[in-house]
Amino acid sequence: MNNVKVKIINSSRHPLPAYATPLSAGLDVRANLDAPVTLEPLQRALIPTGLRIALPEGYECQMRPRSGLALRHGITLLNTPGTIDADYRGEIGVILVNLSSETFVVNDGERICQMVIAPCCQADLIQVDSLDSTERGEGGFGHTGIG
């Protein structure tokens, strides 16, 4: 497994994000709240984390939902994955949305999402008049059938 050094400022009252297991891909991130935030069904809110990071060039950070919150409570991230660019230095905020029919309360220190650090590249786009053909062609959503 490759490790990359990421500088982080933690102005929250909570420990740094951490991997739950030795082979976890994502670091658990906690809410940094002065008071609980209530999410009614279909409501969304920007939840602060108190974290700021400096990624090395050639890397991005993706904020992803936690599967347990999604399954048990219908809580997910609205812009999944949320992308943090290598040149962003502001506080990381997480847009949570309640897709369930029940009210959900986000408490200070609660693990609300996971952060995945990954290499990325920028593309040099080349405008052309046609593309090479493939077996799939223009087959899109559901073109291979069900099951």
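Residues numbered from 1 in each chain as written. Predicted model: local features only at pLDDT ≥ 70, side-chain atom pairs only at ≥ 80, totals over all residues. Heavy atoms only, no water.

(A) Examining the overall build of the protein chain more closely. Helix and strand counts for the protein chain come out as one helix and 12 strands. Shown N-terminal to C-terminal, the secondary structure of the protein chain runs as helices and strands in the order β-β-β-β-β-β-β-α-β-β-β-β-β. Computed over C-alpha atoms, the radius of gyration of the protein chain comes to 19 Å, more than 25% over the 15 Å expected from 2.2 N^0.38 for 147 residues, which places it beyond the range of a compact globule. In terms of principal-axis extent, the alpha carbons of the protein chain reach across some 55 × 40 × 30 Å. (Helix = DSSP H or I, 4+ residues; strand = E, 2+ residues; numbered from the N terminus. Rg over C-alpha atoms; globule rule 2.2 N^0.38 Å.)

(B) A look at the pairing of strand E6 (residues 51-54). Alternating positions in E6 separate cleanly, Leu51 and Ile53 being buried on one face and Arg52 and Ala54 remaining unburied on the opposite face. Sheet topology places strand E1 (residues 7-10) next to E6; four bridges connect them, and they run antiparallel. Bridged to Lys7 within E6 is Ala54. (Buried < 20%, exposed > 50% of the residue type's maximum accessible area, 1.4 Å probe, protein only. Pairing = 2+ DSSP bridges.)

(C) Region of interest: the environment of Arg89. Residue placement: Arg89 occurs in the loop between strand E9 (82-84) and strand E10 (93-98). On the basis of relative accessibility, which here comes to 45%, the residue Arg89 falls in the partly exposed class. When the C-alpha atoms of Arg89 and Leu46 are compared, they prove to be 17 Å apart, with 43 residues separating the residues in sequence. Sequence-distant contacts of Arg89, defined by excluding residues within four places in its chain, comprise Arg52, Ile53, Ala54 and Leu55. A polar side-chain atom of Arg89 sits 2.6 Å from the main-chain carbonyl oxygen of Ala86. (Contact = heavy atoms within 4.5 Å. Polar contact = N/O pair within 3.5 Å; in protein donor to acceptor, adjacent residues only side chain to side chain.)

(D) Spotlight on the environment of Asp34. Relative to the elements of secondary structure, Asp34 occurs in the loop between strand E3 (27-30) and strand E4 (37-39). Among the residues examined, Asp34 registers a relative accessible area of 82% and is labelled exposed. Sequence separation between Asp34 and Val94 is 60 residues; the distance between their C-alpha atoms is 16 Å.

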